[in-house]
Each structure stands twice: as C-alpha cells, then as structure tokens.
Amino acid sequence: MTARIAADPEALAPEPRVAFISDDAIDILAFAVQSLEEGRGAALITLVEIRGGAARRLGAQMVVRDDGLYCGFVSGGCTEAAVAAEAMIALAKGMDRHLLLGEGSPFFDIVLPCGGGITLAIHVLVDAAVLRQALAALDRRMPVGLLYHPGKRALCLREGEAASGWDGEWFVRAYRAKPRIVVAGTPLEVGAVARVAVAAGYETVALEGGQVPSPGDLDADTAVALLFHDVDRELPVLTAALASDAFYVGALGSRRTHAKRCGALLACGQAESVLARVRAPIGIFDKARDARALAISVVADIAHARTRLETAFNPNSHR
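Residues numbered from 1 in each chain as written. Predicted model: local features only at pLDDT ≥ 70, side-chain atom pairs only at ≥ 80, totals over all residues. Heavy atoms only, no water.

Asker: What is the right way to read the packing of helix H5 (residues 231-242) against helix H6 (residues 255-267) from this model?
Answerer: In a packed pair of helices, the relevant descriptors are the angle between the two axes and the axis-to-axis distance. In contact at an axis separation of 11 Å, H5 and H6 are set at 65° when each is read in the N-to-C sense. As for the relative orientation of H5 and H6, their crossing is right-handed in sense. Here H5 contributes Val231, Glu234, Leu235, Leu238, Thr239 and Leu242 to the contact with H6, which in turn contributes Thr257, Lys260, Arg261, Ala264 and Leu265. (Axes fitted to C-alpha atoms, helices over the stretch in contact; angles between N-to-C directions. Helix = DSSP H or I, 4+ residues; strand = E, 2+ residues; numbered from the N terminus. Left-handed = near helix turned anticlockwise from the far one by under 90°. Contact = heavy atoms within 4.5 Å.)

Asker: So what exactly am I meant to see when it comes to the pattern of salt bridges here?
Answerer: Where charged atoms of side chains with opposite charge meet at close range, the side chains can pair. What the rule picks out here adds up to 21 salt bridges. Arg40 is paired through a salt bridge with Asp66; the nearest N and O atoms lie 3.0 Å apart. With Arg40 in the loop between helix H1 (25-37) and strand S2 (42-51) and Asp66 in the loop between strand S3 (61-65) and strand S4 (69-72), the pair connects residues that are 26 residues apart, well separated along the chain. We classify Asp66 as partly exposed; its relative accessible area is 32%. Arg176 is the partner of Asp221 in a salt bridge, and the nearest nitrogen-oxygen pair spans 2.8 Å. Of the two residues, Asp221 is situated in the loop between strand S12 (203-206) and strand S13 (222-227) and Arg176 in the loop between strand S10 (170-175) and strand S11 (180-185); the sequence distance between them amounts to 45 residues. (Salt bridge = Lys/Arg side-chain N within 4 Å of Asp/Glu carboxyl O. Buried < 20%, exposed > 50% of the residue type's maximum accessible area, 1.4 Å probe, protein only.)

Asker: Even after reading the chapter, I still don't get the sheet that holds strand S7 (residues 144-149), so can you show me in this structure?
Answerer: In a beta sheet, neighbouring strands pair by backbone hydrogen bonds and run either parallel or antiparallel. Read across the sheet, four strands follow the order S8-S7-S10-S9 without closing on themselves; strand pairing throughout is antiparallel. The two strands at the open ends of the sheet, each matched to only one other strand, are strand S8 (154-159) and strand S9 (165-167). Each neighbouring strand pair of the sheet contributes to a mean axis angle of 35°, computed without reference to strand direction. As paired elements, S9 and S10 share three bridges and run antiparallel to each other. Considered in S10, the bridge of Gly165 is made with Val172. (Pairing = 2+ DSSP bridges.)

Asker: Help me out: how do you make sense of the confidence of the model for the chain in this one?
Answerer: In low-pLDDT segments, the atomic positions of the prediction should not be examined closely. Of the residues in the chain, 89% have a pLDDT of 70 or more, and the chain-wide mean is 90. Note on residues 1-11: pLDDT under 50 across the span, and two contacts to partners over four residues away in sequence or across chains. (pLDDT = per-residue confidence, 0-100.)

Asker: In this structure, what is going on with the packing of H1 against helix H3 (residues 129-139)? I would like to understand it.
Answerer: Orientation of H1 relative to H3, taken along the N-to-C sense of each, is 140°, at an axis distance of 10 Å. With respect to their mutual orientation, H1 and H3 come out oblique. Two packed elements cross with a definite hand, and for H1 against H3 that hand is left-handed. Contacts from Ile26, Leu29, Ala30, Ala32, Val33 and Glu37 in H1 reach Leu131, Arg132, Leu135 and Leu138 in H3. (Parallel < 35°, antiparallel > 145°, perpendicular 65-115°, else oblique.)

Asker: Before we go on, may I ask you to explain the nonpolar core in this structure?
Answerer: Side chains of a nonpolar character, in soluble globular proteins, are inclined to be buried together. Membership of the largest hydrophobic core comes to 52 residues, with the highest contact counts inside it found for Ile45 and Leu120. Leaving out residues up to four positions away in the same chain, Ile45 has contacts with Ala60, Gln61, Met62, Val64, Val74, Val83, Ala87, Leu120, Ala121 and Ile122. (Core = buried A, V, L, I, M, F, W, Y, C linked by side-chain atoms within 4.5 Å.)

Asker: Would you take a moment to explain the sheet that holds strand S6 (residues 117-124) for this structure?
Answerer: Reading across from one edge, S1-S4-S3-S2-S6-S5 is the order of the six strands in this open sheet, with mixed pairing throughout. Only two strands of the sheet have a single partner each, and these edge strands are strand S1 (17-18) and strand S5 (97-102). Strand contacts of H1: S2, S3 and S4, with the helix running at about 20° to S3, the strand carrying the most contacts. Packed on one face of the sheet, helix H2 (residues 80-93) meets S2, S3, S4, S5 and S6 and runs near 55° to S3.

Following this line, the structure appears as structure tokens:
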C-alpha cells in the first residue's frame, strides 16, 4: 500500500503562528480590519463563558486569519495556537462555532492551568464595516459595544457604555477608549513618568509649563498625575481635573503638603467631598526619593485604579 504525499506544500494547511503579541482590544480589532482589507479571511474569537477560574476576563478576544496568523489572548497563552487551529477550520468551512476548553471540554489533552473551563465563540467575519465603526468611535474616545448573535451569525454595533456579557441571546463585548495619562509638573518627574507610561502602553500627554486642559479634555478614561513641588502652581490643573470625569487624580507631596493643598482648594470654593478624589501622596508607596521609583509608583497606582474601575463596571467579567 502506497501512502500519498502532497506534492505541493501549499496544499498543506498552514500552521498557526503569532502575528504580533498584544492583548489590547483596539490592536486586535485593527488587525481584523487590516486582514479583511487585504483580502484575507478572518475570524473573531471571543471568550463568552467562564467555568471556575480563568486567566482572562469575559470578552477577551483573538483574531485569526485564514493563513494562520493570529493575535490576542483568550487564555494565558497556553491554548491560543490550538484555538487558532480551530478557527482556521471554521474559516475553511465558512461556519461560526463554539469551542469548549478545560472543564467540560471534549479536548482532554488541552488543560487550562487554572483548572477551570471556558467557552469561546468563533465568528467568521463577513466584512469590516462594523469593526471600522467601532474603531472610529473608540478613536473619538467614545465607549461602544459589539453585539454577537450565534444563531444569526450576526455582529452589530451599540454605542454607549455597556458591560461585557450575555444580554438575552446576544453577547455584548464592551470597549472603552485606551486609557490616557495626563501628567504635569517638573520636567524630571514628568519625563520619567511619561517614559514608564508609554512603555506600559498608555496614551500619554505631558503638559508644558502653564498649559491647563479643559475639563472636557479629561474624560472617564483619563488619569491625571500632578508632579509639582509647589501647590500654587498645580492648582489650575488640579481644579480642571476635579471638574472632569477623570478616573484618577493624583498629586505629589507629603501629607503636610496635601493638607495645605486641601486648604487652598477649600479657599477656592471646592466642596469637602471633592477633595476625597485626590490621591495624595501619589503612588503605591510613600517617599519615592528618585524619579524612576516615583514613575513606577505612579503608573502602577493608575493601573490599579483602572483595574478597580473595570472590575466595578464588569463585576462578573472574571472569577
């Protein structure tokens, strides 16, 4: 009996491989749009159910192309290649499907380290129109949601804030604008914080001397870090930040300095309740004596505040 070997390597299914490493939702959607515009088939994979523990939040996503390139994470990195292989099968058949991994899954050889189980929805994308609309809204820093109906194999856009999860027969994947850090103060500290923030993937705006943003420039996805050594110099920016929807407002200085700051704010007519919004001393640990330590402390504190905000907004997003 003679075994038949494919003469043409192109006849063999391509192996999944990473296009780039990122878990940023906007990067993942942009990769899907780019792939479709290049004429490639692409599938959007969404984590729609968690059983027990999981490495990623409900709504975590990947995009897989028909040539095997993929990006994003739906687990801790241990299952993504296998998920991409399943998505390529869905693309070849042109059919959406659900995939169970871990607890309750028929794939006994794919074990999640957390010991739980997840369900993934694999949606074969038809066109990029809805994804473009979502990206355009996020570019305007407007929150949106993508709604997926497995039975209808439909994907549509919902504007406004939402929580990721099931809404009847639709799964809602909520998106927010990329978190932004606005930093102002002395050049040494501002430069150090800006560098760490950029390295951590935050959109970063360093205010120059005397520059004061309007409250409308500081949205609910913006953090404000004030690194002045003079309370009087920081007051204009601090006042604008307190009048805004910024999710974090932090200011440099000792507790004695903060008491002086609060007195100055009260003298300017600020309500006592508003003062509680100011994180001071800024950072996750006190008495950072050099710019690099301060930068790590400040950016980590902002990341912690952002995580608390996301958990409060999506209380059932992970376990």
